[in-house]
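Examining the three-dimensional arrangement
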There are 2 protein chains.
Amino acid sequence: MQLGRLNHVGIAVPDMEAALAHWTGVMGATHVHEPIVIERAGILIRFLDTPAGGAMNGTQVELIQPLRADSTVSPFLAENPGGGQHHLCFEVPDIHEAKAWFEAQGKRVLGEPRPGAHGHPIFFVHGDDMGGILTEILETPKEPQP
Amino acid sequence: MQLGRLNHVGIAVPDMEAALAHWTGVMGATHVHEPIVIERAGILIRFLDTPAGGAMNGTQVELIQPLRADSTVSPFLAENPGGGQHHLCFEVPDIHEAKAWFEAQGKRVLGEPRPGAHGHPIFFVHGDDMGGILTEILETPKEPQP
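Looking at an unreviewed UniProt entry, chain A carries the name VOC family protein, with the source organism given as Novosphingobium decolorationis. Per its UniProt entry, chain A bears the Sequence similarities (unreviewed entry) comment "Belongs to the methylmalonyl-CoA epimerase family."

1. Some remarks on the interface of chain B and chain A
Taken together, the contacts link 39 residues of chain B with 39 residues of chain A. Carbon and sulfur atoms supply 67% of the area buried between chain B and chain A, which totals about 3000 Å² over both sides. Applying the counting rule to chain B against chain A returns 0 salt bridges. The dominant element in the side of chain B that touches chain A, judged by the number of residues it contributes, is strand β5 (residues 84-92) of chain B, at 6 residues.

2. As for the UniProt feature "domain: VOC" (unreviewed entry) in chain A
On the UniProt side, "domain: VOC" (unreviewed entry) is annotated at positions that read residues 5-140 of chain A here. Within the segment residues 5-140 of chain A, helix and strand shares are 20% and 36% respectively, and the terminal C-alpha atoms sit 9 Å apart.

3. A short note on the packing of aromatic side chains
Tallied over the entire structure, the rule returns 4 aromatic pairs over all chains. Taking the centre distance of 5.7 Å and the plane angle of 70° together, the rings of Trp23(A) and Phe90(B) count as edge-to-face. Placement of Trp23(A) in helix α1 (residues 16-26) and of Phe90(B) in strand β5 is noted, with the two residues assigned to different chains. The two residues Trp23(A) and Phe90(B) agree in class, both being buried. Geometrically, the ring pair formed by Phe102(B) and Phe123(B) is edge-to-face, given 6.2 Å between the ring centres and 75° between the ring planes. Residue Phe102(B) is located in helix α3 (residues 95-104), and its partner Phe123(B) is located in strand β7 (residues 121-125); the two are separated by 21 residues in the primary sequence.

4. Observations regarding the pattern of salt bridges
Close approach of charged atoms lets side chains of opposite charge pair. For the coordinates displayed, the defined rule picks out 12 salt bridges over all chains. Glu139(A) is the salt-bridge partner of Lys142(A), the closest N and O atoms lying 3.5 Å from each other. Among the residues examined, Lys142(A) registers a relative accessible area of 66% and is labelled exposed. Given the relative accessible area of 16%, Glu139(A) is considered buried. Note that Glu112(B) is salt-bridged to Lys99(B), the shortest N-O span being 3.2 Å. Of this pair, Glu112(B) sits in strand β6 (residues 109-115) while Lys99(B) is found in helix α3, placing the two residues 13 residues apart along the sequence. Looking at Glu112(B), the relative accessible area reads 53%, which means it is exposed. Accessibility expressed as a relative area gives 13% for Lys99(B), which makes it buried.

5. Points about the sheet that holds strand β2 (residues 36-38) of chain A
Residues and elements named next belong to chain A. The strand order across the open sheet formed by 8 strands is β2-β3-β4-β1-β5-β8-β7-β6, and the pairing between neighbours is mixed. Every interior strand has two partners, whereas the edge strands, β2 and β6 (109-115), have only one. Within this sheet the neighbouring strands show an average axis-to-axis angle of 25°, counted without direction. Here strand β1 (residues 6-12) runs beside strand β5 (residues 84-92); their pairing, made up of 6 bridges, is antiparallel. Its bridge partner lying in β5, Leu 6 is registered against Phe 90. Strands β5, β6, β7 (121-125) and β8 (135-139) of the sheet are contacted by helix α3 (residues 95-104), whose axis makes an angle of about 180° with β6.

What counts, and where the lines are drawn
Residues numbered from 1 in each chain as written. Chains lettered and ligands numbered in written order. Predicted model: local features only at pLDDT ≥ 70, side-chain atom pairs only at ≥ 80, totals over all residues. Heavy atoms only, no water. UniProt positions renumbered as here; feature names shortened; annotations may be inferred. Contact = heavy atoms within 4.5 Å. Buried area = accessible area lost by both parts, 1.4 Å probe. Salt bridge = Lys/Arg side-chain N within 4 Å of Asp/Glu carboxyl O. Helix = DSSP H or I, 4+ residues; strand = E, 2+ residues; numbered from the N terminus. Phe/Tyr/Trp six-rings, centres within 6.5 Å; stacked < 30°, edge-to-face > 60°. Buried < 20%, exposed > 50% of the residue type's maximum accessible area, 1.4 Å probe, protein only. Pairing = 2+ DSSP bridges. Axes fitted to C-alpha atoms, helices over the stretch in contact; angles between N-to-C directions.

The structure is reproduced here in structure tokens:
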């Protein structure tokens with residue numbers, strides 16, 4: 001496998017409005033995407049764009065707020081109540097080949113490939129098998145992300 | 001302030017050789033830069049490139065290993081012995097304007113601007129003031145990074 005694009009950095013936040021105030025008001029983000037709710041995971045997501053090469057197509061920042069106590073980010077926020085860096089997401093050309101690759105390396109793939117925030121297939125690999133980094137793998141979107 | 005380029009994600013690692021084996025052998029990184037030692041911080045650094053727009057000029061991954069017990073990443077590794085996501089580094093056009101900006105926002109800037117791993121001026125902002133994210137601010141290099 002060849003290292004793919006760093007699609008986004010995932011950041012868990014206890015309070016989306018406070019996080020947006022920080023990222024727009026302090027950090028100066030200008031391109032904030034519409035909210036996305038992932039019911040299965042119990043989370044609310046906002047993506048922010050970062051600049052790269054004169055455009056806003058750099059690695060995105062993904063803010064993730066829990067919508068219920070058993071959300072996928074609730075255990076992380078229990079340990080880090082103020083929020084923090086939750087995962088890194090890298091792109092691959094083929095999600096099924098990537099899953100087979102990580103499994104062959106003895107890494108714990110967390111579930112089958114499934115649609116991620118933008119509908120493109122993703123899976124996660126256990127952070128304890130990845131140098132402490134919960135790693136999301138995303139099949140490179142065929143069209144630019146919205 | 002406008003949000004700048006996500007220059008790199010900083011990852012603390014207990015063992016650089018094991019980390020390089022993971023990032024090259026499992027994640028498939030192909031562009032690994034020469035080691036950098038920052039004596040002041042007591043750390044060894046390796047940068048890895050990620051692809052973007054057909055080149056290898058995406059957000060970099062910075063692996064950071066302590067060289068002594070009082071290194072700048074030792075407290076993080078004491079809490080996360082297997083390693084993990086340590087900081088995010090964003091670029092700004094002017095390091096002194098950025099320092100004044102964060103201070104005006106009531107954020108704790110950790111020390112004066114100083115040369116970072118590539119010799120360009122940097123400072124850090126306290127993670128507890130930044131949604132749990134230790135944030136490095138880097139003055140955009142006038143020439144491409146090596």
